[in-house]
Amino acid sequence: MAEQVQGERMARIVLSMLAEPDDLTTGYILGRHGGVATLSLVESDHYVTGLGRADVLLWRERLRARIAPDLMERVAEAEQYGFGTLIPADREWPAGLDDLGDRAPYVLWTQGASSFLATALSDRNDHRCSRVHPLRRTRHQRTCGGSGR
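Residues numbered from 1 in each chain as written. Predicted model: local features only at pLDDT ≥ 70, side-chain atom pairs only at ≥ 80, totals over all residues. Heavy atoms only, no water.

## Observations concerning the overall build of the protein
Secondary structure assignment for the protein yields five helices and three strands. From first element to last, N terminus to C terminus, the protein shows the α and β order α-α-α-α-β-β-α-β. Sorting the 149 residues of the protein into buried and exposed places 43% on the buried side. Counting only contacts in the protein whose residues sit at least 6 apart along the sequence, the fraction spanning at least 24 positions is 66%. For the protein, the computed accessible surface area is about 8,100 Å², with 49% contributed by carbon and sulfur atoms. (Helix = DSSP H or I, 4+ residues; strand = E, 2+ residues; numbered from the N terminus. Buried < 20%, exposed > 50% of the residue type's maximum accessible area, 1.4 Å probe, protein only. Contact = heavy atoms within 4.5 Å. Areas by Shrake-Rupley, 256 points an atom, 1.4 Å probe, with all protein chains shown as cover.)

Have a look at this one:
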């Protein structure tokens, strides 16, 4: 799977479909290694600095169990439904989310304009959606952080 992922954005999208929101192990690894390396670590047996072997084994087992054959198709479906994404490297990423550290969302799913998010989400940085699903288009921004399963 990791070899099919192109870049940090796609890696974070895939992670949001594998890991639960607020998963401290995923957040820890993602914050220190980035999305692409985190996905590679899911599939490898490499040691993860700063984490106990048992914690890493449980984390891998949990995420590997969620790798479905249609995972990349689900990523494409999200794009077809008009969902966009924001990652920490984006200018529109609400900086206040960085204060969450290892608990920060992996990606923010958006639909519509995202230019005002830096201020709009500062008071709602704990908002998460447990599932990405088709939303009817309106003139308002819809945003979800967390899991896309």
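We are not done yet, so read on.
## Details of the pattern of salt bridges
Taken as a whole and assessed by the stated rule, the structure comprises eight salt bridges. We note a salt bridge from Asp45 to Arg64, for which the minimum N-O separation is 3.4 Å. Residue Asp45 is located in the loop between helix H2 (24-43) and helix H3 (53-64), and its partner Arg64 is located in helix H3; the two are separated by 19 residues in the primary sequence. Given the relative accessible area of 63%, Asp45 is considered exposed. (Salt bridge = Lys/Arg side-chain N within 4 Å of Asp/Glu carboxyl O.)

## Regarding the side chain of Glu92
With respect to the element layout, Glu92 can be found in the loop between strand E1 (84-86) and strand E2 (108-111). With relative accessibility at 18%, the residue Glu92 sits in the buried group. A distance of 3.3 Å separates the side chain of Glu92 from the side chain of Arg91, its partner in a polar contact. (Polar contact = N/O pair within 3.5 Å; in protein donor to acceptor, adjacent residues only side chain to side chain.)

## A look at the nonpolar core
Val14, Leu18, Ile29, Leu39, Trp59, Leu63 and Trp109 are the most contacted members of the largest nonpolar core, which totals 29 residues. For this core, the secondary-structure elements that each account for two or more residues are helix H1 (7-18), H2, H3 and helix H4 (71-80). Those residues within four positions of Val14 in sequence are excluded, and the remaining contacts are Met1, Val5, Leu39, Leu71, Met72 and Val75. (Core = buried A, V, L, I, M, F, W, Y, C linked by side-chain atoms within 4.5 Å.)

## Quick look at H1
A rise of 1.5 Å per residue sets the reference length of H1, with its 12 residues, at 16 Å; its end C-alpha atoms lie 17 Å apart and thus fit the reference within 8%. When we look at burial in H1, the residues that qualify are Ala11, Arg12, Ile13, Val14, Leu15, Ser16, Met17 and Leu18. Residues of H1 that are buried in the fold lie against H2, H3, H4, E1 and E2. (Expected span 1.5 Å × (residues − 1).)

## What about the confidence of the model for the protein?
Averaged over every residue, the pLDDT of the protein is 80; the share at 70 or more is 74%. At the low end of the mean pLDDT range in the protein sits strand E3 (residues 142-145), at 48; at the high end sits H3, at 97. (pLDDT = per-residue confidence, 0-100.)

## Some thoughts on the packing of H1 against H2
Viewed as axis vectors pointing N to C, H1 and H2 meet at an angle of 120°, and their least axial separation amounts to 8 Å. With respect to H2, the element H1 is oriented oblique. Considering only the axes of H1 and H2, their crossing is right-handed. Taken together, the residues of H2 that come into contact with H1 (itself represented by Gly7, Glu8, Ala11, Arg12, Val14, Leu15 and Leu18) are Thr26, Leu30, Gly34, Gly35, Val36, Thr38 and Leu39. The residue makeup of the contact of H1 with H2, split by class, is seven nonpolar, five polar and two charged. (Axes fitted to C-alpha atoms, helices over the stretch in contact; angles between N-to-C directions. Parallel < 35°, antiparallel > 145°, perpendicular 65-115°, else oblique. Left-handed = near helix turned anticlockwise from the far one by under 90°. Nonpolar A, V, L, I, M, F, W, Y, C, P; charged D, E, K, R; others polar.)

## A few points about the packing of H1 against H4
Between H1 and H4, the least distance of the axes is 10 Å, while the angle of their chain directions is 110°. When the axis of H1 is compared with that of H4, the two are roughly perpendicular. The way H1 lies across H4 gives a crossing that is right-handed. On the side of H1, the interface is formed by Met10, Ile13, Val14, Met17 and Leu18, while H4 contributes Leu71, Met72, Arg74 and Val75. Its residues placed into classes, the contact of H1 with H4 shows eight nonpolar, no polar and one charged.

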